[in-house]
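Structure at a glance
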Amino acid sequence: MSAISNAVRRTGLYGILAAGALLSVGPYLLTLNAAFKRPSDLLSTDAWAPAHPATFANFAAVWNDYGMSSFLLHTLFVAVVVTAGQVVFSATAAYALARLEFPGRDWLFWGYIATMMVPQMITLVPLFLMMRDLGMVDTFAGLILPTVFGTPYGVFLVRQHFRTIPKDLESAARIDGAGTFGILVRIMLPLSRPILATLATITFINTWNNLIWPLIITNSDRTRVVTVGIAALQGEHVSDLPHIVLAGAALALLPLIAVFLLFQRHIVRSIALTGLK
């Protein structure tokens, strides 16, 4: 009886997990499915009805005729630069706040973390005025600069992981003649690959999906990113060309899926390590 009850519990648990996964993934699957439908079938069939026959004409149109290729390249450039900057600067700041001793270290750290409680909307106007005074409106520098040097969340995430690494490793390295920078590069960073991969994934996705700041700081196609491009596309063509909007949304979704699949092993490993610690 116990074996049967265990099987029933496992079946129920898997059923709940499958239902939750379907609720989470369902909207993305519906978007991808609708993007392959012909314009005449999009509004005349159910949303969950498979695209038959499937067509790539929607993707070709949004790529060639509506500038989506340029928007994707702009977004990729901004996301890669911001992600690289955040990983580098968050790691160096986190090491200083986790391992180095200096007056006011803890006060500085908690004061910096407290800025996470400030709503983004409050900082948008002062930040825009700063970018305007620096001549960075409608430039890639204006898109990148506010977040490339790290965020409180990134610093906090990496610092907490650094604090779990035994100090004996650093002591042994210093006995062997390693300096602070050498310890960071040769010991701390190699041992922190999973958490750095997690930070890189989160940063890339957040930068890719960011709409408010690019909408404020850019005003031309030469710096327009994919979120602003889809928003403009939707405002201009949603009534007569919904298949174009859906194809643009599907194209914007595919790179995120690729990034997650590439780094999912590191994300799971970082969660496992955090739980073991």
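Our subject in this report is the structure included herewith. As the structure is a computational prediction, the values presented were derived from the model and not from experiment.

What counts as what
- Residues numbered from 1 in each chain as written.
- Predicted model: local features only at pLDDT ≥ 70, side-chain atom pairs only at ≥ 80, totals over all residues.
- Heavy atoms only, no water.
- Helix = DSSP H or I, 4+ residues; strand = E, 2+ residues; numbered from the N terminus.
- Rg over C-alpha atoms; globule rule 2.2 N^0.38 Å.
- Axes fitted to C-alpha atoms, helices over the stretch in contact; angles between N-to-C directions.
- Left-handed = near helix turned anticlockwise from the far one by under 90°.
- Contact = heavy atoms within 4.5 Å.
- Nonpolar A, V, L, I, M, F, W, Y, C, P; charged D, E, K, R; others polar.
- Phe/Tyr/Trp six-rings, centres within 6.5 Å; stacked < 30°, edge-to-face > 60°.
- Buried < 20%, exposed > 50% of the residue type's maximum accessible area, 1.4 Å probe, protein only.
- Patch = residues over 30% accessible without salt bridge, like charges linked within 9 Å, V, L, I, M, F, W, Y side chains within 5 Å.
- Areas by Shrake-Rupley, 256 points an atom, 1.4 Å probe, with all protein chains shown as cover.
- Salt bridge = Lys/Arg side-chain N within 4 Å of Asp/Glu carboxyl O.
- Core = buried A, V, L, I, M, F, W, Y, C linked by side-chain atoms within 4.5 Å.
- Parallel < 35°, antiparallel > 145°, perpendicular 65-115°, else oblique.

Let's talk about the overall build of the protein
- Along the backbone of the protein there are 14 helices and zero strands.
- Each helix and strand of the protein, placed in order from N terminus to C terminus, yields the pattern α-α-α-α-α-α-α-α-α-α-α-α-α-α.
- The C-alpha atoms of the protein give a radius of gyration of 23 Å, which is well past the 19 Å a tight globule of 277 residues would have.
- Its C-alpha atoms give the protein principal-axis dimensions of about 75 × 70 × 35 Å.

So, the packing of helix H4 (residues 68–99) against helix H11 (residues 193–209)
- The N-to-C vectors of H4 and H11 enclose an angle of 145°; their axes lie 9 Å apart at closest approach. Relative to H11, the crossing made by H4 is right-handed. Only Leu-196, Leu-199, Ala-200, Thr-203, Phe-204, Thr-207 and Trp-208 of H11 make contact with H4, whose side of the interface consists of Leu-72, Thr-75, Leu-76, Val-78, Ala-79, Val-80, Val-82, Thr-83, Gln-86, Val-87, Ser-90 and Ala-91.
- Residues of the contact of H4 with H11, tallied by class, amount to 13 nonpolar, six polar and no charged.

Examining the packing of aromatic side chains
- Taken as a whole and judged by the stated rule, the model has nine aromatic pairs.
- Ring geometry for Phe-89 against Phe-149: centres 5.0 Å apart, planes inclined by 65°, an arrangement best described as edge-to-face. A residue pair is termed long-range when its members are at least 10 positions apart, and Phe-89 in helix H4 and Phe-149 in the loop between helix H7 (140–148) and helix H8 (152–162) qualify at 60 residues.
- On the accessibility criterion, Phe-89 (35% relative accessible area) is partly exposed.
- Seen in terms of ring centroids, Phe-109 and Phe-156 are 6.2 Å apart; in terms of plane orientation they differ by 15°. Their pairing is stacked. Of this pair, Phe-109 sits in helix H5 (residues 105–114) while Phe-156 is found in helix H8, placing the two residues 47 residues apart along the sequence.
- A relative accessible area of 30% means that Phe-156 is categorised as partly exposed.
- Site record: aromatic cluster; members linked through ring pairs are Phe-36, Phe-56 and Phe-59.

Topic: the environment of Gly-12
- One can find Gly-12 in helix H1 (residues 2–35).
- Given the relative accessible area of 37%, Gly-12 is considered partly exposed.
- Between the C-alpha atoms of Gly-12 and Leu-22, which are ten residues apart in sequence, the distance is 15 Å.

Brief notes about a nonpolar patch on the surface
- Residues Leu-254, Ile-257, Phe-260 and Leu-261 make up a contiguous nonpolar surface patch of about 350 Å² in total accessible area.
- Positionally, Leu-254 belongs in helix H14 (residues 242–276).
- Its relative accessible area of 42% is what places Leu-254 among the partly exposed residues.

Remarks on the pattern of salt bridges
- The tally for this structure, following the rule as stated, stands at six salt bridges.
- The structure contains a network of salt bridges with shared partners spanning Glu-101, Arg-105 and Asp-106.

Focus: the nonpolar core
- Counting residues in each nonpolar core, the largest one holds 22 residues, and the members touching the most others are Val-62, Met-68, Trp-208 and Val-226.
- Counting residues per element, the ones that place at least two in this core are helix H3 (57–64), H4, H11, helix H13 (226–237) and H14.
- A total of eight residues in this core trace back to one element, the largest contributor, which is H14.
- Dropping the residues within four chain positions of it, Val-226 is found in contact with Met-68, Phe-71, Leu-72, Thr-75, Trp-208 and Ala-252.
- Listed in part, the 18 residues of the second largest apolar core include Ile-187, Met-188, Leu-196 and Ala-200.

With respect to H7
- Turning to H7, its buried residues are Gly-142, Leu-143, Ile-144 and Val-148.
- Next to the buried residues of H7 lie H4, helix H6 (120–133) and helix H12 (212–217).
- Remark: Gly-150 follows H7 within two positions and exhibits a positive phi of approximately 105°.

Considerations on unusual backbone geometry
- Backbone geometry at Asp-138 places phi at a positive 60°, although glycine is not the residue there.
- Position of Asp-138 among the secondary structure elements: in the loop between H6 and H7.
- Residue classification places Asp-138 among the buried residues on the basis of a relative accessible area of 6%.

With respect to the packing of H4 against H5
- Their axes nearest at 9 Å, the elements H4 and H5 cross at an angle of 135°. As the angle between them shows, H4 and H5 are arranged oblique. As H4 packs across H5, the resulting crossing turns out to be left-handed. Contacts from Ala-96, Leu-97, Ala-98 and Arg-99 of H4 reach H5 at Arg-105, Leu-108 and Phe-109.
- Across the contact of H4 with H5, the residue classes tally to five nonpolar, no polar and two charged.

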